[in-house]
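These are the residues of each chain, in order.
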Amino acid sequence: MKKSDKKEHSIFSNIFYFIGIMFKISPFLVIGECLSGIIDKLPTRLIAVIGVKYVIDVAQSDDKSRIIYAVAAIAVLLLISEVFNWLFREFYWNLEKEKLTKGLNTKFFNKAKSLDLEAYDNPHFYNSFVLAIESSSGHIQGILGMVSRYIGELVSLIAICSVILTIDPICLVIILITIIIFTPLGKKIGTLQSQRRIDNNRFHRRADYFARIFYLQDYAKEVRMNNIRPLLIERYNDAADDVIENQRKYVKKIDTIYFFQEGGLQIMGFMFILPLYLGYCVLKTHTLSTGDFVATFNGAFSVASSFSFLTIFVARNFSEQAKMIEKYREFLKEKNKIFDGKHTADSSKVEVIELKNVSFTYPGNSEPTLKNISLTLKPKEKIALVGYNGAGKTTLTNLLLRLYDVTEGEILIGGRNIKEETLFSHRNRFAAVFQDFQIFAATLGENVALDINPDHKEVETALGHGGFTKDMPHGTATELLREFDDEGIMLSGGEAQKIAVSRAFYKNCPYVIMDEPSANLDPVAEYNLNKAMMEAAENKTVIFISHRLSTTRNADRIYVMENGEIVENGSHEELMKKNGKYAYMFNLQAEKYKNA
């Protein structure tokens, strides 16, 4: 999906959409947050208007004892509201917020797991995906807080306007007209603040980049071994100065407009026009009491505060939140192009694999990566794909696994198009060791089995085939990495690769794909791996990709790829006799080893 093709939803559509998601996960948290907003705002606003009016009116009457009851009632009301909010925050909100975060992340993770690999190739979508995952917790809190305050301010505005309306409708008209006159200035402030935040984020990203350089281990060696530190410090200072200068640029504009807005609203409206009218009603016409005067005066500021929040503040902050929610929606609504078939693949037997006139073009590319590939893999055959980087070797295996679907042609296993199989059953008959394999923060056994319940005897056998001989303190139950265990074992590149290779030996399936299985291994380990692989995979079809052609010598058939096409194929001996591309590459590597 291109960015230009995307139709964005309205601000309130996005807000209600996200509230709907939160409500499904934790309805009482959303309801409680709305009640909390009302209880937080309404009592104090009503006391400032009705409570003060009542006290002043009673003070001017003969029965002044009622003031004690009024003050006591006000105190009890405030105490109840404070206790409710405290209990809600301390005993419910924090726990439910974490549950909500868990529920939302689980929703995202499940969606991410089901996404086509193609989605990761779209930079715009991938950025939205990353932002949605990384900022979900903060936006839960931000949106809940804004909704809570919005409900509180809205209810307060209606209540206070109703009170002022019963006192004197003209007072309400004066207040609203004054607020409306100066609202454009408030909107201008909101626009400038939003733009300042956008610019600040851009400049902060630059400064944060240099901060990451100094605290991330990835850069530690380079920084210490070279004289790049002065350059980094200089550029950090420039980036930090840009942040300061950006603040200075906006502060002057915002402060000037804010002075005129607040000055005009409060001095002209609430300190001049409204007091004149109220004073006239109290002193001249006697249509309002002193309590009415104070109540209306206090109510004016309450209405102004609520109105400002509900218009300017909400438009600015809801707009920012809505843009992030748009990314959530885009991510959650992303549609897959690779669908389940109706047939369940048989993972118990080795069958013929056929590629018929297969071509493939990555989304967004104009040139195909694979062009009219046709080949047949016999049961239990060991084949090698060789060629320079970008020849299409890894892409071909990705198509076999249905991580992508062919653009043209078809792939058959046992005479059946792989698109007819369910995705799980099809992929379950393959064991794959990827070039960019990952080690997870889990136990050694779980890393080999890639399962929550590993068979530890089978894990040990697989590790033996993979050449992993490192002594582990807790055997296959040893934790790897230190995300969850401070004593987790850190691995070298070669050790990690041996674990990744062991996965292929652990999984009981008919087909094995190994993409650069010996890239991080020394020659002895490479020899042992090749020997073990041929023995352990005797009854399996094996496809391996390697730039080390010594790995390919024992393959039954070698396919040489160039520019997305198969240019040669045959056994090692046959290809050496042809004296073509393969022979040239092999002799070049052999000469390098001889010279070494």
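How each quantity is defined
- All residue numbers refer to position in the chain's written sequence, counted from 1.
- Selection of residues for local features in this predicted model requires a pLDDT of at least 70, selection of side-chain atom pairs for listing and counting requires 80 or more, and totals for whole chains, interfaces and linings are taken over all residues.
- Hydrogens and waters are ignored; side-chain quantities use all the structure's heavy atoms.
- Strands are runs of DSSP state E lasting at least 2 residues, helices are runs of H or I lasting at least 4, and numbering of each runs from the N terminus.
- Relative accessibility decides the category of a residue: with a 1.4 Å probe and only protein chains considered, values under 20% of the type maximum give buried, values over 50% give exposed, and everything between is partly exposed.
- Note on contacts: a residue pair qualifies if any of its non-hydrogen atoms lie within 4.5 Å across the two residues.
- Computed with a 1.4 Å probe, the accessible areas rest on the Shrake-Rupley method; for each residue, only the protein chains presented here act as cover.
- Any two strands with at least two DSSP-identified bridges between them are counted as paired.
- Each axis is a line fitted through C-alpha atoms, and for a helix only the stretch in contact is used; angles between axes span 0 to 180 degrees, taken between their N-to-C directions.
- One fewer than the residue count of a helix, multiplied by 1.5 Å, yields its expected span.
- What we call the bend at a residue is the angle made by axes fitted to the seven residues finishing there and the seven residues starting there.
- Any carboxyl oxygen of Asp or Glu within 4 Å of a side-chain nitrogen of Lys or Arg constitutes a salt bridge here.
- Throughout, nonpolar core names a set of buried Ala, Val, Leu, Ile, Met, Phe, Trp, Tyr and Cys residues whose side chains join them through atoms within 4.5 Å.
- Put simply, angles under 35 degrees are roughly parallel, angles over 145 are roughly antiparallel, angles from 65 to 115 are roughly perpendicular, and the rest are oblique.
- Three classes are used, and their members are as follows: Ala, Val, Leu, Ile, Met, Phe, Trp, Tyr, Cys and Pro are nonpolar, Asp, Glu, Lys and Arg are charged, and the others, Gly among them, are polar.
- Two aromatic rings, drawn from Phe, Tyr or Trp (for Trp, its six-membered ring), form a pair once their centres lie within 6.5 Å of each other, and the interplanar angle then sorts them: stacked below 30 degrees, edge-to-face above 60, tilted otherwise.
- Note on terminology: disulfide denotes any pair of cysteine sulfur atoms within 2.5 Å.

What to know about the overall build of the protein chain
Helices and strands together make up the secondary structure of the protein chain, namely 16 helices and ten strands. By the burial criterion, 45% of the 596 residues in the protein chain qualify as buried. For the protein chain, long-range pairs separated by at least 24 residues make up 76% of all intrachain contacts whose partners lie at least 6 apart in sequence. For the protein chain, the exposed area adds up to about 32300 Å²; of that, 57% sits on carbon and sulfur atoms.

Describing unusual backbone geometry
In this structure, N372 takes a positive phi of about 50° despite not being glycine. Judged by its relative accessible area of 51%, N372 falls in the exposed class. With a phi angle near 55°, N579 is a residue other than glycine that sits in the positive phi range. By the element assignment, N579 lies in the loop between α15 (572-578) and α16 (581-595).

What about the sheet that holds strand β8 (residues 541-545)?
On the basis of which strands lie adjacent, the open sheet formed by six strands has the order β6-β7-β8-β3-β9-β10 and mixed pairing. Two strands lie at the open edges of the sheet, namely β6 (430-433) and β10 (565-570), each paired on one side alone. Averaged over all neighbouring strand pairs, the angle between strand axes comes to 15°, with direction disregarded. For strand β3 (residues 382-386) and strand β9 (residues 557-562), the ladder comprises four bridges, and the chain directions are parallel. Opposite A384, over in β9, you have I558 as the bridge partner. Across the sheet, helix α9 (residues 393-400) lies against β3, β6, β7 (511-515), β8 and β9, angled at about 145° from β8, the strand it touches most.

Concerning the pairing of β8
The element β8 is largely enclosed, with a buried count of five among its five residues. Direction of pairing for β3 relative to β8: parallel, over a ladder of four bridges. Counterpart to A384 in the pairing with β8 is F544. One ladder, built from five bridges, connects β7 with β8; its direction is parallel. Along β8, the bridge assignment pairs D515 with I545.

What to know about the pairing of β3
The buried fraction of β3 amounts to five of the five residues, a majority that puts the element mostly inside the structure. Residues K382, A384 and V386 point to one face of β3 and I383 and L385 to the other, with burial holding for every one of them.

Comments concerning helix α3 (residues 66-114)
The end-to-end C-alpha distance of α3, which contains 49 residues, comes to 68 Å, matching closely the 72 Å that a straight helix rising 1.5 Å per residue would cover. Considering bend angle alone, the principal kink of α3 is centred on Y92 and spans about 45°.

Points about the environment of I158
Within the secondary structure, I158 is located in helix α4 (residues 123-167). Residue class for I158 comes out exposed when judged on its relative accessible area of 52%.

Here's the deal with the sheet that holds strand β1 (residues 353-360)
With respect to topology, four strands assemble into an open sheet ordered β2-β1-β4-β5, the strand pairing being antiparallel. The strands lining the two open edges of the sheet, one partner per strand, are β2 (370-377) and β5 (416-417). As paired elements, β1 and strand β4 (residues 408-413) share five bridges and run antiparallel to each other. In the strand pairing of β4, S359 is matched with E408.

Overview of the environment of V448
If you trace the backbone, V448 turns up in helix α11 (residues 444-449). Residue classification places V448 among the buried positions, given a relative accessible area of 1%. Separated by eleven residues in sequence, V448 and V459 place their C-alpha atoms 6.4 Å apart. Those residues in contact with V448 that lie beyond four places of it in its chain are V459, A462, L463, I499, S502, R503 and Y506.

What to know about the pattern of salt bridges
Counted by the stated rule, this structure contains 17 salt bridges. Salt-bridge contacts for D57 lead to K53; the nearest nitrogen and oxygen are separated by 3.0 Å. Taken as a pair, D57 and K53 lie in helix α2 (residues 27-59) at a separation of four residues, close to a single helical turn. The class of D57 is partly exposed, set by a relative accessible area of 26%. Put simply, E495 and K470 hold a salt bridge, and the shortest N to O gap is 3.6 Å. Within this pair, whereas E495 is found in helix α13 (residues 493-506), its partner K470 is found in the loop between α12 (456-466) and α13, the two being separated by 25 residues in sequence.

Looking at the nonpolar core
Formed by 40 residues in total, the largest nonpolar core has its most connected members in L444, V448, L480, I499, M514 and Y582. Ranked by the residues each element gives to this core, the list is headed by α13, at seven residues. The contacts of M514, once residues within four sequence positions are left out, are V433, V501, A504, M533, I543, F544 and I545.

Considering the packing of helix α1 (residues 11-25) against α2
Contact pair α1 / α2: the axes reach a minimum separation of 5 Å and the direction vectors enclose 120°. Comparing the axis directions of α1 and α2 gives the class oblique. The residues of α2 that touch α1, namely those facing I19, M22, F23, K24 and I25, are P27, V30 and I31. When the residues that make up the contact of α1 with α2 are grouped by side-chain class, the tally is seven nonpolar, no polar and one charged.

Comments concerning the packing of aromatic side chains
The full count for this structure, using the stated rule, is eleven aromatic pairs. When the ring of F430 is compared with that of Y511, the centres are 5.2 Å apart and the planes differ by 35°; the resulting orientation is tilted. Of the two residues, F430 is situated in strand β6 and Y511 in strand β7; the sequence distance between them amounts to 81 residues. For Y511, a relative accessible area of 1% gives the class buried.

Looking at the state of the cysteines
A full pass over the atoms with the stated rule returns zero disulfides. Cysteine C281 is unpaired, with the sulfur of C171 as its nearest cysteine sulfur at 5.9 Å.

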